[in-house]
Amino acid sequence: MENVLIFEFKLRQMTDQKKLLLFLFLSIQNISYCQQPSMDFEKYNPKSTLVVPEHIRTRAKYPFIDVHSHHWNMGTQDLRELAEPMEKMNMAVMVNLSGGNGERLLKMIQNIKKNYPDKFIVFANVDFDGIGNNDWAEKAVRQLETDIRNGAKGLKIFKNLGLRVTDTSGKRVPVDDPRIDPIWNKCGEMGIPVLIHSADPSQFWEPMDEYNERWLELKERPGRKRTNEDPVPWQQIIDEQLRVFRKHPGTVFINAHLGWYGNNLQKLGQLLDEMPNMYTEIGAVLAELGRQPRSARAFMIKYQDRVLFGKDAWEPEEYLTYFRVLETADEYFDYYRKRHAFWKIYGLDLPDEVLKKIYYMNALKIIPGINDSLFPD
Ligand SMILES: [Zn+2]
């Protein structure tokens, strides 16, 4: 109080010029006082203080089939490396989508048959090299038939179709290129599903600015940035893919990663309503479901016959987050990859009958050759 009085007294004696200088000085002091040290978005990672019940799941409630996994060396690898963590988490069957074709695929299937005939399923891949040559489709179909005879139980189409695959004249091959029709038809004819990943999250096409939900991913993986010219708009690739499903109603398609409509389940539901041959899986898009637990729960219950369990990256400890989201009603917990989701997620608390369908019944229905005695009724 005393100081304030002295200050006031002196202020009266000051010239206007001195008062102005003092004012400026105090303003600057005030600004620097208010300015706290800044922090990067990447660094900011506050520990939640929320206290609510937690139900960590180290094992799935039911044996499950992971329909979306990638293993390139299954032909020579010691499969125990995979089988042991699988048993621990209750994964009964793993689908390796990276089977390739020909000799490589055959070696994988031989290794599986010898060691764990019931545990692994392999999908073949089509070689798009040479598309544009007159005999490409004929050769590719023949190869696929051989691969299926050798034990492949499905076909996986990677995202390069639609993004990077070019024909012999150097032009981008659209997902619905009619030259590929014989492949889709063959899959329908032989009763094997096609798991297809087209495009990427739509945010990769948006400006990389403070409004982009995948800003961090684009910063960490700059090669994933796309534009309407590189190669074409997101919607165009998605529409090409959907046209394939419509054109081939006799073929079963598993639209990977919720078809990149995990952030618009209403739209995804419309597509499932429209196309009974379309299924989907939840690999790498769990945080989309976990951020909208009420909508996602309603969606999973409504479309319980059409959604399969998939994970994509083989990181055994990350599966626990899947079990927690699907099985529990836990609130506000972490997803495992900030570049996919900087937000917290919530459990969907799915009913047992729905869990069983997502964990294994739907996969048993559409993927041939899985030993169903590994699963409860
Ligand atoms: Zn994948």
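Engineer: Give a detailed account of the environment of L272, specifying residues and quantitative values.
Structural biologist: Within the secondary structure layout, L272 lies in helix α10 (residues 265-274). In sequence terms L272 and Y303 are 31 residues apart; their C-alpha atoms lie 8.0 Å from each other. When near neighbours in sequence (up to four residues on either side) are disregarded, L272 contacts M278, Y279, F299, Y303 and R306.

Engineer: Explain the nonpolar core residue by residue, including any values.
Structural biologist: For soluble globular proteins, the rule of thumb is that nonpolar side chains tend to be buried together. In terms of nonpolar packing, the biggest core is built from 108 residues, with L155, I183, W184, M300, F309 and Y359 touching the most fellow members. No other element matches the seven residues that helix α14 (residues 352-366) contributes to this core. Those residues in contact with F309 that sit more than four places away from it in its chain are F64, I65, D66, V67, I282, Y319, Y322, F323, L326, I358 and Y359.

Engineer: Tell me about the pairing of strand β3 (residues 120-125), and name the residues and values.
Structural biologist: The element β3 is extensively covered by neighbouring structure, given that six of its six residues are classed as buried. With burial as the criterion, each face of β3 is covered, one bearing F120, V122 and A124 and the other bearing I121, F123 and N125. Strand direction decides the pairing type here: strand β2 (residues 91-96) and β3, joined by three bridges, are parallel. Its bridge partner lying in β3, N96 is registered against V122. Judged from the three bridges that link them, β3 and strand β4 (residues 154-157) form a sheet pairing that is parallel. Within β4, the position partnered with F123 by the bridge is G154.

Engineer: With reference to specific residues and values, describe the packing of aromatic side chains.
Structural biologist: With the rule as written, the count across this model stands at 23 aromatic pairs. Judged by centre distance (5.6 Å) and plane angle (45°), the ring pair of F64 and Y359 falls under tilted. Within this pair, whereas F64 is found in strand β1 (residues 64-69), its partner Y359 is found in helix α14, the two being separated by 295 residues in sequence. You'll find F64 and Y359 in the same group, each marked buried. The interplanar angle of 65° and the centroid separation of 5.9 Å between the aromatic rings of W314 and Y319 together place this pair among those described as edge-to-face. Among the aromatic residues, those joined into a ring-pair cluster are F64, F309, W314, Y319, Y322, F323, Y335, Y336 and Y359.

Engineer: Before we move on, could you go through the pattern of salt bridges and cite the residues and values that matter?
Structural biologist: Should the charged atoms of two oppositely charged side chains come close, the side chains can pair. For the coordinates displayed, the defined rule picks out 29 salt bridges. With a shortest N-O distance of 3.6 Å, D135 and K139 are connected by a salt bridge. On the basis of relative accessible area, D135 is assigned to the partly exposed category, the value being 34%. Between R214 and E217 there is a salt bridge; the shortest N-O distance is 2.5 Å.

The rules behind these values
Residues numbered from 1 in each chain as written. Predicted model: local features only at pLDDT ≥ 70, side-chain atom pairs only at ≥ 80, totals over all residues. Heavy atoms only, no water. Helix = DSSP H or I, 4+ residues; strand = E, 2+ residues; numbered from the N terminus. Contact = heavy atoms within 4.5 Å. Core = buried A, V, L, I, M, F, W, Y, C linked by side-chain atoms within 4.5 Å. Buried < 20%, exposed > 50% of the residue type's maximum accessible area, 1.4 Å probe, protein only. Pairing = 2+ DSSP bridges. Phe/Tyr/Trp six-rings, centres within 6.5 Å; stacked < 30°, edge-to-face > 60°. Salt bridge = Lys/Arg side-chain N within 4 Å of Asp/Glu carboxyl O.

Note that all results are geometric; they support no functional claim without further evidence.
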